[in-house]
Amino acid sequence: MSDIEDGAQLVRLSGAALGFDAGEPLWEALDLTVRPGEFVAVLGANGSGKTTLLRCLLGMQPLSAGTISVLGKSPTAARREVGYVPQQRRFDPLTPVRARDLVGYGYDGHQWGLPVLSRRQRRERIDAALAEVGATRFADAPASRLSGGQQQLLRIAQALACDPRLLLCDEPLLSLDLHHQREVCAVVDRRRRDHDTGVVFVTHEINPVLPYADRVLYLAGGRFTIGPVDEVMTSQTLTRLYGSPVDVLKVRGQLVVVGIPDHPVHHSSSEPHDEPHDEPHDEAPESAGPS
Ligand SMILES: Nc1ncnc2c1ncn2[C@@H]1O[C@H](COP(=O)(O)OP(=O)(O)OP(=O)(O)O)[C@@H](O)[C@H]1O
């Protein structure tokens, strides 16, 4: 499919499956689209394949089956236009690197092979990325002296320095308090609203993303479900997905998920399965994969 025909879809996964060696697939029969400006949250237990999905979108991991396109091209060809916030580590406390230098690395990393911009243009791009996440005030501070929340904003600025059409975030809320989790979510939300950037946001933190996520992709035990938040995050949907009783409760305005099994039943691919649901907003979610 050409760039233009595929223009309405930043991401298109069709019949996608991923497994390692002879093991059970992490997920299979996955159909997923992401449109410009759409915020898709990816939830699921440890080891359900969330990071691996991002690696596929980055062209770092081939699918076992199915097709994948990013911005209408192969993931590798699209890489320059994709921003990536990797799972966080605190910066080395001995590093003297300033906040703006880190954002500069994000910019330079996407410029290989492209016409060289002037130093002024480079600086403007970095300043714009810092301003976009509200990091201008600590732009010249050593990155290692910044708080966890500030460091996380810098990582997002680094990913935005290439002015991406698609932003992939891997656990950007890890180790942040609720205030900073909300701040990070709001920054990402503003980006997609102001620039029509599509967002795929992997997280274990459900509540901070609820106000922003257009759809949730929930992975569990080789199965998945996709749909609007209020349809996926229900006792009924998660019970069906996990194959054992799961309760989604609302406590003081926060969703709490109770009863997720330690080891979700892994559904064998020899069993029949439903077609996945992938249209945003207008239909009920369905579990996909073998059932
Ligand atoms: N290159 C690889 N070779 C073999 N197994 C791999 C490889 N990459 C990932 N895996 C396995 O795939 C599974 C899913 O890993 P992944 O990191 O995608 O999970 P995740 O849902 O992001 O987990 P978490 O929430 O803990 O970050 C894990 O069991 C992991 O060990």
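Residues numbered from 1 in each chain as written. Predicted model: local features only at pLDDT ≥ 70, side-chain atom pairs only at ≥ 80, totals over all residues. Heavy atoms only, no water.

Caption draft 1: Summary view of the pattern of salt bridges. Per the counting criterion, the structure on display carries 15 salt bridges. The salt bridge involving Glu38 is made with Arg215; its shortest N-O contact spans 2.7 Å. Taken together, the positions of Glu38 in the loop between strand 2 (27-34) and strand 3 (39-44) and Arg215 in strand 8 (residues 215-220) put the pair 177 residues apart, joining distant regions of the chain. For the pair Glu38 and Arg215, one class covers both residues: buried. (Salt bridge = Lys/Arg side-chain N within 4 Å of Asp/Glu carboxyl O. Helix = DSSP H or I, 4+ residues; strand = E, 2+ residues; numbered from the N terminus. Buried < 20%, exposed > 50% of the residue type's maximum accessible area, 1.4 Å probe, protein only.)

Caption draft 2: The arrangement of the environment of Ile206 in detail. Mapped onto the elements, Ile206 comes out in helix 7 (residues 206-209). The spacing of Ile206 and Ala41 is 165 residues in sequence and 8.8 Å in space, taken between C-alpha atoms.

Caption draft 3: Representation of the site of the ligand within the structure. Around the ligand lies a shell formed by Phe20, Leu26, Ala45, Asn46, Gly47, Ser48, Gly49, Lys50, Thr51, Thr52, Gln87 and His204. One of the backbone nitrogen or oxygen atoms of Thr51 is found 2.9 Å away from an oxygen atom of the ligand. For the ligand, an oxygen atom lies 3.5 Å from a polar atom in the side chain of Gln87. Protein chains bury 58% of the 640 Å² of accessible surface belonging to the ligand in isolation. Along the lines of polarity and charge, the residues of the shell around the ligand split into three nonpolar, eight polar and one charged. (Near = heavy atom within 4 Å. Polar contact = N/O pair within 3.5 Å; in protein donor to acceptor, adjacent residues only side chain to side chain. Areas by Shrake-Rupley, 256 points an atom, 1.4 Å probe, with all protein chains shown as cover. Nonpolar A, V, L, I, M, F, W, Y, C, P; charged D, E, K, R; others polar.)

Caption draft 4: Region of the structure containing a nonpolar patch on the surface. Taken together, the side chains of Leu249, Val251, Val256 and Val258 present a nonpolar region at the surface, about 280 Å² in accessible area. Listed by contribution, the elements that provide at least two residues to the nonpolar patch are strand 10 (247-251) and strand 11 (254-258). Along the chain, Leu249 falls in strand 10. For Leu249, a relative accessible area of 40% corresponds to the partly exposed category. (Patch = residues over 30% accessible without salt bridge, like charges linked within 9 Å, V, L, I, M, F, W, Y side chains within 5 Å.)

Caption draft 5: Representation of the sheet that holds strand 1 (residues 11-18). Pairing in this open sheet of three strands is antiparallel, and the strands run 2-1-4 from one edge to the other. The strands lining the two open edges of the sheet, one partner per strand, are strand 2 and strand 4 (65-70). Averaged over all adjacent pairs, the angle separating strand axes in this sheet is 15°, with direction ignored. In this sheet, strand 2 lies alongside strand 1 in antiparallel orientation, the contact comprising five bridges. By the bridge assignment for strand 2, Ala16 is matched with Leu30. Each of strand 1, strand 2 and strand 4 touches helix 1 (residues 50-57); the most contacted strand, strand 1, lies at about 125° to it. (Pairing = 2+ DSSP bridges. Axes fitted to C-alpha atoms, helices over the stretch in contact; angles between N-to-C directions. Contact = heavy atoms within 4.5 Å.)

Interpretation in functional terms is not warranted from these geometric data alone.
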